[in-house]
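# Observations on the three-dimensional arrangement
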Number of protein chains: 2
Amino acid sequence: MLDDTCKTPDNCPVSRTLSIINGRWKGMILYHLQEEPRRFGALRRLLPDITQRMLTQSLRELEADGIVIRTIHAPMPPHVDYRLTDLGRTLIPLLDAMAEWGTAHPAEGAA
Amino acid sequence: MLDDTCKTPDNCPVSRTLSIINGRWKGMILYHLQEEPRRFGALRRLLPDITQRMLTQSLRELEADGIVIRTIHAPMPPHVDYRLTDLGRTLIPLLDAMAEWGTAHPAEGAA
DNA sequence: CAGCATCCGAGGAGATACTG
DNA sequence: CAGTATCTCCTCGGATGCTG
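Residues numbered from 1 in each chain as written. Chains lettered and ligands numbered in written order. Predicted model: local features only at pLDDT ≥ 70, side-chain atom pairs only at ≥ 80, totals over all residues. Heavy atoms only, no water.

### Some points on the state of the cysteines
Residue and element names in this part refer to chain A. Selection criterion: For the purposes of this analysis, a disulfide is any pair of cysteine sulfur atoms at a distance within 2.5 Å. Only protein chains enter the area calculation, which uses a 1.4 Å probe; residues under 20% of their type maximum are buried, those over 50% are exposed, and those in between are partly exposed.
Scanning the model with the defined rule gives two disulfides over all chains in all. A sulfur-sulfur separation of 2.4 Å characterises the disulfide bridge that pairs C6 with C12. Linking C6 and C12, the disulfide has an S-S dihedral of approximately 65° and is accordingly described as right-handed. Each member of the pair C6 and C12 is classed as buried.

Structural data, given as structure tokens:
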């Protein structure tokens with residue numbers, strides 16, 4: 001029974017989980033990091049409409065939450081990649097479930 | 001392979017799923033509607049910090065997305081309750097998974 | 001009881017220019 | 001290539017007051 005802990009977002013596990021993947025892009029970034037590490041430029045190509053600013057900011061926040069790790073492979077020319085941490089990997093079933101739900105229920109409310 | 005459909009939030013099933021439960025309160029509202037229909041005032045008591053404005057707005061958006069149904073049982077004095085639709089009920093496993101994840105991983109990144 | 005109308009501040013998010 | 005710095009807009013969400 002989580003009712004008692006779900007009076008305010010700060011105490012609610014559901015809200016805390018959501019707060020990690022909130023924002024316009026984080027879900028998609030995590031989605032693209034599921035299979036393999038990706039370079040900054042690779043993510044930009046996978047998400048054509050994201051700005052560098054939002055990609056950097058989103059990755060930094062995910063890093064601060066312990067979800068992704070940033071690895072510098074070469075300083076010059078710059079070569080950085082991002083991969084899921086072990087903690088981040090535990091989110092994969094959740095991402096899969098969301099992808100599945102979104103695929104199974106495409107905008108039924110808007111019909 | 002969802003990679004091709006996940007270039008922009010509008011096309012990404014993950015993002016579309018998230019867009020339904022986005023915002024500060026929707027996850028918690030849905031959580032409290034899992035078990036039984038709730039009256040407006042009951043939800044306010046379950047979520048002491050939410051404002052009427054945000055509760056109304058969140059419920060209206062969930063209604064527009066086909067996730068909850070608003071039922072007027074008596075016009076005067078007003079008696080309204082909210083319950084999950086069949087579509088809304090399909091979100092329960094997702095909510096459970098999020099609650100479980102949030103419980104299992106309490107702010108590890110902030111450690 | 002169950003709302004609606006209005007105002008307002010904080011921060012999410014985009015565009016653009018510059019850098020090691 | 002992989003960023004940082006600024007500027008700006010706009011939406012989210014809170015506060016308050018009023019209503020059938």
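### What to know about the sheet that holds strand β3 (residues 79-84) of chain B
Residue and element names in this part refer to chain B. Rules: In this analysis, strands are considered paired if DSSP registers two or more bridges between them. Helix and strand assignments follow DSSP, with helices taken as H or I runs no shorter than four residues and strands as E runs no shorter than two, numbered in order from the N terminus. The criterion used for residue contact is that any of the two residues' heavy atoms lie within 4.5 Å. The angle between two axes is taken between their N-to-C directions and runs from 0 to 180 degrees, where each axis is a line fitted to C-alpha atoms and a helix contributes only its stretch in contact.
Reading across from one edge, β1-β3-β2 is the order of the three strands in this open sheet, with antiparallel pairing throughout. Strands at the two margins of the open sheet, each flanked by one partner only, are β1 (38-39) and β2 (68-74). Sheet analysis places β1 next to β3, joined by two bridges and oriented antiparallel. Bridging from a neighbouring strand, R39 pairs with D81 of β3. Packed onto the sheet, helix α2 (residues 26-33) meets β1, β2 and β3 and runs at close to 95° relative to β3.

### A word on the pattern of salt bridges
Residues and elements named next belong to chain B. Condition: Put simply, a salt bridge is a Lys or Arg side-chain nitrogen that is within 4 Å of an Asp or Glu carboxyl oxygen.
The full count for this structure, using the stated rule, is six salt bridges over all chains. In this structure, R38 engages E36 in a salt bridge whose closest nitrogen and oxygen atoms are separated by 3.4 Å. Its relative accessible area of 13% is what places R38 among the buried residues. Residue E36 is classed as partly exposed on the basis of its relative accessible area, which comes to 41%. The partner of R83 in a salt bridge is D81, and the shortest N-O contact between them spans 3.3 Å. Judged by its relative accessible area of 8%, D81 is buried.

### Here we look at the relation of the copies chain B and chain A
Related by rotation about an axis and a shift along that axis, the two copies of the chain form a pair. Selection criterion: Here the copies were fitted onto each other by least squares, based on C-alpha atoms from residues at pLDDT of at least 70 in both.
Each copy superposes on the other: chain B lies on chain A with an RMSD of 0.1 Å after a rotation of 180° and an axial shift of 0.0 Å. Seen this way, the second copy is the image of the first under a two-fold rotation axis. Of all interface residues in chain B, 100% are interface residues in chain A too; the two copies therefore contact each other through one and the same surface.

### Some points on unusual backbone geometry
The amide bond that connects M76(A) to the next residue, P77(A), takes the cis arrangement and shows omega of -5°. Turning to its location among the elements, P77(A) is positioned in the loop between β2 (68-74) and β3 (79-84).

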